[in-house]
Amino acid sequence: MPSRLCLAAASIALCLPAQALATEERAFDVPKGSLSTALPLISRQAGVSISVVDARLWQARVKPVRGRMSIEKAIQRMLDGSDARAVRVSATSWRIERRPAPIRVARAVASPRQVPQPRAREPSNDMVAAPHDEIIVTASKTDLPLSHFAGVVTKLDGGDLAFGGERGMDSILSRTATVSSTHLGSGRNKLFIRGIADSSFTGPTQSTVGQYLGDIRLSYNAPDPDLRLYDIDNVEILEGPQGTLYGAGSLGGIIRVVPKAPDPREMSVQAIAGLSITQHGAPGGDIAAIANLPVGDDGHALRLVGYMLTDGGYIDNPLRGQNDVNRVHVRGGRGTFRIEAGDDWTVDFGGIYQAITSDDAQYADKDGPPLTRASMVEQNATARYGMGTIVVMKDWGDLYFQSSNAFIDHRLFERFDASLPEARQAADISNGGVPAPPSVGTVDVARLFAPAQIIPLNDVPRVLDQHNATRMFVSENRLSRPYRDGLGWVVGASFIDNRARQNREYAYGPLQAILPGVTNRITEFTGYAEATVEVLPDLIASGGLRLSHARLGGEAEGVSFALAQANRATTASRDETDLLPSFALLATPLHNVRLYARYQEGFRPGGLAVDGNFVRRFLNDQVRTWEAGMRFGDKGQSLLDASISISHSRWRNIQADFIDSAGFPTTANIGDGRITSLSGAVAMRPTDALTFELGAVYNHSRVDDLSPQILPVFDAAPARLGRIPNVASHAVRGSVNYATVIGDEDFRVNGWANYIGPSRLGIGPVLGESQGDYVDTGLAMRVGNDRRGLSLTLTNLFDSRGNRFSLGTPFVEGNEGFLTPLRPRTLRVAIDVAY
């Protein structure tokens with residue numbers, strides 16, 4: 001009898017939480033639409049897991065759910081009138097299955113309860129797909145399911161990116177094989193996708209990769225701002241070109257970072273703090289806080305993010321008697337205030353600010369001791385990025401409207417060592433005077449500083465300061481029909497006004513001279529449309545068109561009075577109109593096997609660049625790409641999923657930065673080229689706790705038709721032109737992830753290894769140095785729960801050096817002597833708490 005009483009008491013105790021959760025009332029705000037879009041919302045708002053048995057139910061139409069009610073009532077209201085029903089599996093999980101057909105029986109005969117059986121080719125009830133596993137490509141602007149998307153898309157979870165410590169763009173680079181970057185320094189790098197790369201440093205050319213925060217463009221022709229990825233929902237990477245939907249500057253593709261939206265349901269606070277120790281270097285640390293604050297009872301909410309980070313230096317400069325000189329400081333924050341204006345109108349007011357300060361450059365001398373550099377000056381840099389946004393949204397269920405507007409101010413200061421090699425060597429062995437300085441490039445320093453004089457050796461160091469200031473206003477308005485019932489479309493219009501100014505100053509000791517700079521302005525008006533149609537049960541077609549009209553203008557800064565009078569040499573303007581079509585086909589010949597083919601175009605407008613004391617005009621360039629690929633399995637659902645794609649691009653009038661005969665960076669159309677890219681990925685989940693991933697890419701590129709105007713620059717070494725720069729010929733990435741429960745705590749460990757193949761620094765003989773051919777590794781683990789956790793991360797497990805980037809400073813003769821090593825082995829220990 002006592003044992004029976006204990007068993008009954010235990011049963012009641014186990015049932016009470018389930019009953020309490022089922023009857024607990026919560027606030028719901030779920031718009032009508034398809035089950036694939038509504039299910040993640042109601043699951044998150046209810047705090048339960050909901051799975052779907054029949055994959056065909058994902059496109060079923062469901063009703064809106066608004067107000068306070070129990071979880072059971074909310075799910076029933078959402079499914080009311082559909083072919084689906086909900087079954088409670090446990091206290092925190094539900095299953096949605098197809099409603100069984102009614103069974104006709106005689107009234108006098110009792111009918112036994114019918115249990116629905118799983119259909120053929122569908123998972124059984126204990127092997128069901130979670131709703132978040134149905135990947136929706138929101139970057140398609142029609143909420144297209146991945147199973148219907150013809151192209152290569154990578155979706156990274158925000159929690160995975162933050163796991164082991166937030167590292168900005170490096171977190172994305174370590175998880176993808178097709179995205180690459182220069183490594184001049186945080187806030188100063190250029191990004192490349194699919195082998196479409198133009199240069200090693202930031203000039204007046206527009207980026208080949210479009211970067212977005214939500215639906216707001218981050219920059220036009222500025223470097224990657226390297227915003228820290230705290231409180232991010234996910235990141236989508238679409239390989240390009242993506243000209244139809246995203247316009248200029250998406251030759252290689254786009255990277256779209258989706259931040260978490262303000263949540264009006266409950267207040268939450270999260271804090272993260274970490275301490276890092278770098279072998280052969282200085283310690284560092286990071287701290288961040290995230291807060292979500294409901295405002296009133298009308299659905300308004302405020303979400304705030306703030307952070308401060310310090311990365312310890314690891315480069316020594318014995319010439320100046322300094323150690324660990326390349327310390328980096330990052331501070332910033334983000335805020336969004338969401339207003340529910342009623343009648344399904346929503347307005348988001350947002351703002352971002354981030355400042356990056358680099359105490360010194362992160363390159364080393366190739367022939368010197370490891371992690372050292374003999375530099376006569378401190379090469380510091382600062383990057384400041386600010387953005388204000390207003391986003392207006394309206395959901396009619398069948399149609400969706402969004403207006404995204406932003407103003408961006410982006411400023412970058414860089415100091416480069418422009419000392420002559422003989423002066424650097426002399427500083428090691430002597431002290432005294434030197435004759436008046438020789439000329440550098442087209443600028444004869446002796447003429448800049450009069451009268452000619454003997455200058456003490458302490459004044460020999462030469463520096464070149466470069467200031468870049470970008471101001472941009474961007475507005476996009478679009479109306480879309482989210483994909484369902486075999487049809488999805490979007491039409492939109494955008495406006496961009498961008499002004500980029502570059503100024504340069506040359507200093508020899510206490511004396512300074514202003515070098516020619518340039519200002520580029522562009523005003524662009526664009527209209528676009530794209531539709532996706534299921535023409536047959538297993539065949540989907542999509543096509544689109546974008547028409548862009550741009551007004552381009554520019555002028556030289558800091559030129560001599562005589563040149564300024566010759567207005568034609570220092571100013572330029574013109575109009576430019578571009579038409580970008582796209583079309584694609586996707587077929588499903590077998591279950592879980594999808595084949596696709598796609599054609600897409602992309603372009604970048606022209607502009608002005610400094611060329612000595614003059615200004616050089618460069619034309620727009622254009623990429624045309626054919627792509628074909630195959631996907632097998634469903635990511636996150638199948639035991640095995642894999643993808644492979646091959647693309648061929650023709651790049652006309654390539655815009656590229658190179659070192660001219662005067663020794664200064666400049667920009668020109670260097671000619672035409674072609675790029676063939678082959679990429680693949682495979683993931684295997686032998687158990688629910690263990691996942692293996694492997695990705696690889698191969699790029700073959702060639703500049704095969706040089707422009708006549710730059711042939712003199714390459715006459716000295718035309719054979720070194722070869723491949724398009726800064727993209728490895730091949731790269732491989734592998735990772736393993738294990739997650740389990742130990743007692744009452746979650747335990748997760750993730751390890752990765754990336755091999756980056758060889759590449760060339762840039763275009764031309766001066767920038768023809770090799771780089772790459774190294775392995776980067778890491779291991780991260782965390783134990784804890786949703787409220788607290790302890791993390792440990794170890795990067796560069798084998799403390800390898802490598803050469804990520806061969807550009808030290810472009811203003812020193814003999815540029816072949818530089819390399820940028822990997823950060824040495826670094827250990828980070830961190831805690832996180834949430835309330």
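The structure under discussion appears in the preceding block.
No experiment lies behind these values; they were computed from the predicted model shown.

Novice: Outline the overall build of the protein, listing residues and values.
Specialist: Looking only at helices and strands, the protein features 11 helices and 46 strands. Classification of the 835 residues of the protein by burial places 54% in the buried group. If you take every contact in the protein between residues at least 6 apart in sequence, the share linking residues at least 24 apart comes to 68%. When the accessible surface of the protein is summed, it comes to about 35,400 Å², and 58% of that surface belongs to carbon and sulfur atoms.

Novice: Tell me about the nonpolar core, and please be specific about residues and values.
Specialist: Counting residues in each nonpolar core, the largest one holds 36 residues, and the members touching the most others are Ile 172, Val 235, Ile 237, Ile 255, Tyr 385, Met 387 and Ile 408. For this core, the element with the most residues is strand 23 (residues 381-395), which contributes four residues. Setting aside chain neighbours within four positions, we find Tyr 385 in contact with Leu 218, Pro 225, Leu 227, Ile 352, Tyr 353, Gln 354, Ile 408, Asp 409 and His 410. In this structure, Val 30, Ala 38, Trp 94 and Ile 96 belong to the second largest nonpolar core, which totals 23 residues.

Novice: I'd like a rundown of the packing of helix 2 (residues 35-46) against helix 3 (residues 71-79), residues and numbers included.
Specialist: For the pair helix 2 and helix 3, the least separation of the axes is 11 Å and the interaxial angle reads 170°. It follows from the interaxial angle that helix 2 and helix 3 lie roughly antiparallel. Facing Leu 35, Ala 38, Leu 39, Ile 42 and Ala 46 of helix 2, the residues of helix 3 in contact are Ile 71, Ala 74, Ile 75, Met 78 and Leu 79. Along the lines of polarity and charge, the residues of the contact of helix 2 with helix 3 split into 10 nonpolar, no polar and no charged.

Novice: Go over the pattern of salt bridges with me, naming the residues and quoting the values.
Specialist: Taken as a whole and assessed by the stated rule, the structure comprises 42 salt bridges. Here Asp 634 makes a salt bridge to Arg 594, at a shortest N to O gap of 3.3 Å. Of the two residues, Asp 634 is situated in the loop between strand 35 (621-632) and strand 36 (640-652) and Arg 594 in strand 32 (residues 593-604); the sequence distance between them amounts to 40 residues. For Arg 594, a relative accessible area of 11% corresponds to the buried category. One salt bridge in this structure joins Arg 650 and Asp 704, with 3.5 Å as the shortest N-O distance. Pair noted here: Arg 650 is in strand 36 and Asp 704 is in strand 40 (residues 690-706), with a separation of 54 residues, a long-range link. Taking relative accessible area as the criterion, Arg 650 reaches 34% and is therefore assigned partly exposed. Residues joined in a network through salt bridges with shared partners are Lys 141, Lys 155, Asp 215, Glu 236, Arg 256, Glu 476 and Arg 478.

Novice: If you had to explain the sheet that holds strand 14 (residues 216-217) to someone new, which residues and values would you point to?
Specialist: In a beta sheet, neighbouring strands are held together by backbone hydrogen bonds and run either parallel or antiparallel to one another. Read from one edge to the other, the open sheet built from five strands follows the order 10-15-16-13-14, with strand pairing classed as mixed. Two strands close off the open sheet at either side, each with one partner strand: strand 10 (153-157) and strand 14. Inspection of the sheet shows strand 15 (residues 232-239) paired to strand 16 (residues 253-259) by seven bridges, in the antiparallel sense. Across the sheet, Glu 239 pairs through a bridge with Gly 253, a residue of strand 16.

Novice: Any chance you could break down the side chain of Asp 641 for me, citing the residues and the numbers?
Specialist: The residue Asp 641 is located in strand 36 in this model. Of the polar contacts made by the side chain of Asp 641, one reaches the side chain of Arg 685; its length is 2.4 Å. Those residues in contact with Asp 641, other than ones at most four positions away along the chain, are Phe 632, Gly 633, Asp 634, Lys 635, Gly 636, Ala 681, Val 682, Ala 683 and Arg 685.

Novice: Help me get a handle on helix 3, residues and values and all.
Specialist: Taken residue by residue, helix 3 has Ile 71, Ala 74, Ile 75, Met 78 and Leu 79 as its buried positions. Here the buried residues of helix 3 occupy an arc of 125° about the axis, which is enough to place them on one side.

Novice: Let's hear about the environment of Asp 231: which residues, and what values?
Specialist: For Asp 231, the location among the structural elements is in the loop between strand 14 and strand 15. Given a relative accessible area of 9%, Asp 231 falls into the buried group. Note: C-alpha distance between Asp 231 and Ala 289 (58 residues apart in sequence) is 9.4 Å. The contact partners of Asp 231, leaving out residues within four places of it in the chain, are Pro 259, Lys 260, Ile 290, Arg 303, Val 305 and Arg 334.

Novice: Tell me what's going on with the sheet that holds strand 6 (residues 84-90), and back it up with residues and numbers.
Specialist: Spatially, 3-7-6 is the arrangement adopted by the three strands of the open sheet, whose pairing is mixed. Two strands in the sheet have a free side with no partner beyond their single neighbour: strand 3 (49-52) and strand 6. Pairs of neighbouring strands in the sheet enclose a mean axial angle of 25°, with direction left out of account. Relative to strand 7 (residues 93-98), strand 6 runs antiparallel, the two being bridged by six bridges.

Calculation rules
Residues numbered from 1 in each chain as written. Predicted model: local features only at pLDDT ≥ 70, side-chain atom pairs only at ≥ 80, totals over all residues. Heavy atoms only, no water. Helix = DSSP H or I, 4+ residues; strand = E, 2+ residues; numbered from the N terminus. Buried < 20%, exposed > 50% of the residue type's maximum accessible area, 1.4 Å probe, protein only. Contact = heavy atoms within 4.5 Å. Areas by Shrake-Rupley, 256 points an atom, 1.4 Å probe, with all protein chains shown as cover. Core = buried A, V, L, I, M, F, W, Y, C linked by side-chain atoms within 4.5 Å. Axes fitted to C-alpha atoms, helices over the stretch in contact; angles between N-to-C directions. Parallel < 35°, antiparallel > 145°, perpendicular 65-115°, else oblique. Nonpolar A, V, L, I, M, F, W, Y, C, P; charged D, E, K, R; others polar. Salt bridge = Lys/Arg side-chain N within 4 Å of Asp/Glu carboxyl O. Pairing = 2+ DSSP bridges. Polar contact = N/O pair within 3.5 Å; in protein donor to acceptor, adjacent residues only side chain to side chain. Arc of directions from axis to C-beta.

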